[in-house]
Every structure is written in structure tokens, then in C-alpha cells.
Amino acid sequence: MCKMENILLYCLKQINGERTIYSIYHLLNGKKSSQTLQDAHLFSLKKFFRILDPLTRETFDEMINNIVEKKLVEPCGEQRYKLTNAGHDYLTNESLPKYINGWRFHPYTLLVWERLSLLIQVVSNITFQESKYIPIQKNTEVHNWLKVFLKRTSIPKQKLGEVLFLELVACLEQASDINPAVLVYRLTGYQQIGLTSMQTSKMLNIDSVQYHLEFTNILHYLIQFVENDPSRFKVLSSLLANLQQEDSLTLSSRKTWILLNQGCSLEEIARIRNLKISTIEDHLVEFALNVEGFSINTYVDVDVQRKILEISRQQETRQLKVIRDTLKTASYFQIRLVLAKYGERKWN
């Protein structure tokens, strides 16, 4: 089982004192700000993006205090920490969640769970020829999805339960590093009500944050496993039908994108939208991060791009001020753009 503190230590190691601890909090919560999106890329932390959206700041502070008390980290500035030698040793001997991929799966992790839990409940009751029960999920879209699946599937209704059971077992048996009980205790079926997340965490004797982490890990595992061999999982692969990937751009930056493609300058966009030029620059950083093929050459000379990357790699830093102090001809905006476009590449 991967502990939550392993993730905290890994994130702190990655940001290396260049951001405050709350940059990690915003990452885990999935705050969709330019800074958080950029940090996820720059520090190679995308897999942890929005994996703990219910995490409160109070609980986060408690977790930080816990690793401070264990002397796994030490302060290196206001609200900034670096790993101690003990922290590095600890992290070397501990594992990270193997299957979590928040950046890719967070838009539909909950939807897959809602589909799976309703599917299992309905198929279980079909197997026992029970028609009177209260659906465990209220989401109308999930109900509509299930109706379409039941209408289109070629598997006989009375065989669905057996097929679904065998597919789930085949999935869960493949991974020795996950605990199926994290998922199974939550399932509702014929004359059986699944436990809540809180009840399950108590049953497994782990705290609610740790449980949410394990639950997300197992759902992401299922998605990946089925995705890699859909023909083998005729029922479970239906869970992944018509899933919409969330637009990686914020709503505001999307409006800027439209104006930019109409040939407007940054100054014109700022005037039209009644926004500060710095806000429009934030949007361009988002484009550099998320829009494939977006060129920054208009805003940063190619030679300046090369120099920024050289300084970043030589000094092993992504701190804007450090780079700016070395290359005074580059603006903070230009440095941000270059790091957004190329900063995730390995230094070596």
C-alpha cells in the first residue's frame, strides 16, 4: 500500500524548494490555474493532478506537520521544504501508487465508478430475477448509458452476471499490488448494500485520505487494464464508451485562443476582453503547455529560448528569478513560455 506521505515527499523532491507546499495542495486538489497547470508539467507531477479533490487544507497541513516531525523534510524558506537525507532514504525504500494518472483520468474517474457500480447492481438483480430495488446511482446520464448497453449487448441477460464476474476477477487478479477489497466492499448487488467510502476506510483500518488514494488507484488500474485489451473485456470495456476528455484549457484562455486565431495582438485581446496584459500572457503559457504544435517563436527569439533552457539545465532550476538574474535580456513572460513549452524535458 502506498502511503500518502510517499506522494508528499516525492512532490517535495520534485519541486526542490522552488514552490511553496501549497503548490502541492493545489495540484492534488486539481486547481485549474495557470500556475498549477504549469507546475504539473514543469515538475513532472501530472499523474498526481486532482487525485485528492476532497482534501482539505487543514488535513494537508497535518500531513506536512507529520513529515516535519519525523524529520523527513526541513524548511528552506517560508512555506517551503526540502527533503532531509532521512527523507531521501525513506523515499528510496517506499513505493508510489503505480496506476494513478490524474492528469489523464480525472475527468471521468467518477463517471466510470458510477457506471460500474450501477452495472453491477443491475446485473446482480437480473441474475436473481429481482426487479424491485432502488438504483444506487441517481445520475440520469449513467442510467441512460446502462439502458443503451443492455439494449445493444449480444450477451444473454442471464449470462451477464457470470461474464461480468469473470472479467472483474481476471482484471483484479493481475495486480498483486492492489487490494480488491478497496473496491469490492463498495459494491451493491442483490439484497446487498455496498459500504460508503467512510465505512470502507474504517473496515480496512485506514484514514479517509488514504482510502480515497487507494480507491482512485484501483479505478485507474481498471481503466488502463481494460483499455489495453478491450476485446477481452466485452462488458467492462463498455464502461469506457463515449467518455469525454476534459478540455485542458480554462474557459477564459479558450476565449483568448479564439481571438488569437483571428489575428489579434496580445494588446488588442487585453483591450477587447478588458483584462490585464499579464492575464493574456498567462493564457499563452497555457497554450504552450496544452496546445500541440503551438509555436512560441513569435514571442521569444529562438536563440533566447536556447539560452533560457541552457541556464535552467546548468543550474538545475525552474525558478524564474534565478534564470532572469542570469539572462536579463529575457522577460519573466518569455522565461515562463520557454519553460512551459520545453521545461518538462529531462535535463540530462
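Before reading on, note that the structure itself is shown above.
Participant: Kindly report on the layout of surface pockets, identifying the contributing residues and their values.
Facilitator: Roughly 540 Å³ of volume is contained in the largest pocket. Lining the largest pocket are 25 residues, with Asp-53, Pro-54, His-212, Phe-215 and Thr-216 sitting closest to its centre. If you list the elements that add at least two residues to the lining of the largest pocket, you get α7 (109–127), α11 (197–203) and α12 (208–228). With eight residues, the single largest contributor to the lining of the largest pocket is α12. For the lining of the largest pocket, the residue count by class is eleven nonpolar, ten polar and four charged.

Participant: Account for the side chain of Ser-124, naming residues and giving values.
Facilitator: Within the secondary structure, Ser-124 is located in helix α7. A distance of 2.8 Å separates a polar side-chain atom of Ser-124 from the backbone nitrogen of Tyr-190. When near neighbours in sequence (up to four residues on either side) are disregarded, Ser-124 contacts Gly-189 and Tyr-190.

Participant: Quick rundown of the nonpolar core? Include the residues and the values.
Facilitator: Counting 70 residues, the largest nonpolar core has Met-4, Leu-8, Leu-12, Leu-28, Phe-48, Phe-60 and Phe-294 as its most contacted members. If one sorts the elements of this core by residue count, helix α1 (residues 4–15) sits on top with eight residues.

Participant: Lay out helix α3 (residues 34–42) in plain terms, naming residues and giving numbers.
Facilitator: For α3, the buried fraction is high: eight of the nine residues fall into the buried class. When α3 is considered as a whole, its buried residues turn out to be Ser-34, Thr-36, Leu-37, Gln-38, Asp-39, Ala-40, His-41 and Leu-42. Looking at the buried positions of α3, the neighbouring elements they touch are α2 (21–29), α6 (102–105), α15 (277–290) and α18 (332–342). Looking at the residues trailing α3, positive phi occurs at Ser-44, about 55°.

Participant: Tell me about helix α8 (residues 140–152), and name the residues and values.
Facilitator: In an α-helix, one turn spans 3.6 residues, which is why side chains three or four residues apart end up on the same side. Helix length check: α8 (13 residues) gives 18 Å between terminal C-alpha atoms against 18 Å at 1.5 Å per residue, within 8%. Taken residue by residue, α8 has Val-142, Trp-145, Leu-146, Phe-149 and Leu-150 as its buried positions. Down the axis of α8, the buried set is contained in an arc of 130°. They therefore lie on one face. Seen from the buried face of α8, the exposed residues on the opposite side, beyond 90 degrees, are Thr-140, Glu-141, Lys-147, Lys-151 and Arg-152. Those residues of α8 that are buried lie in contact with α7 and α9 (157–172). The distance from a side-chain oxygen at the start of α8 to the backbone nitrogen of Glu-141 is 2.9 Å, and the residue carrying that oxygen is Asn-139.

Participant: Requested: an account of the side chain of Gln-137, with residues and values cited.
Facilitator: Considering the arrangement of structural elements, one finds Gln-137 in the loop between α7 and α8. Not counting residues up to four positions away in its chain, the partners in contact with Gln-137 are Trp-113, Glu-114, Ser-117, Leu-118 and His-143.

Participant: Describe the packing of α3 against α15, naming the residues involved and giving the relevant values.
Facilitator: Helix-helix packing: each pair is described by the crossing angle between the helix axes and the interaxial distance. Two elements in contact, α3 and α15, have axes whose closest approach is 10 Å; the angle formed by their N-to-C orientations is 30°. Relative to α15, the element α3 is oriented roughly parallel. When you trace α3 past α15, the crossing you get is left-handed. Packed against α3, whose contacting residues are Ser-34, Leu-37, Gln-38 and His-41, the element α15 presents Asp-282, Val-285, Glu-286, Leu-289 and Asn-290 at the interface. Considered class by class, the residues forming the contact of α3 with α15 number three nonpolar, four polar and two charged.

What counts and how
Residues numbered from 1 in each chain as written. Predicted model: local features only at pLDDT ≥ 70, side-chain atom pairs only at ≥ 80, totals over all residues. Heavy atoms only, no water. 1 Å grid on protein atoms, 1.4 Å probe; cavity = no way out; pocket = protein on both sides within 12 Å on 5 of 7 lines; lining within 4 Å. Points joined across faces, edges and corners; volume = space filled by probe spheres on them. Helix = DSSP H or I, 4+ residues; strand = E, 2+ residues; numbered from the N terminus. Nonpolar A, V, L, I, M, F, W, Y, C, P; charged D, E, K, R; others polar. Polar contact = N/O pair within 3.5 Å; in protein donor to acceptor, adjacent residues only side chain to side chain. Contact = heavy atoms within 4.5 Å. Core = buried A, V, L, I, M, F, W, Y, C linked by side-chain atoms within 4.5 Å. Buried < 20%, exposed > 50% of the residue type's maximum accessible area, 1.4 Å probe, protein only. Expected span 1.5 Å × (residues − 1). Arc of directions from axis to C-beta. Axes fitted to C-alpha atoms, helices over the stretch in contact; angles between N-to-C directions. Parallel < 35°, antiparallel > 145°, perpendicular 65-115°, else oblique. Left-handed = near helix turned anticlockwise from the far one by under 90°.

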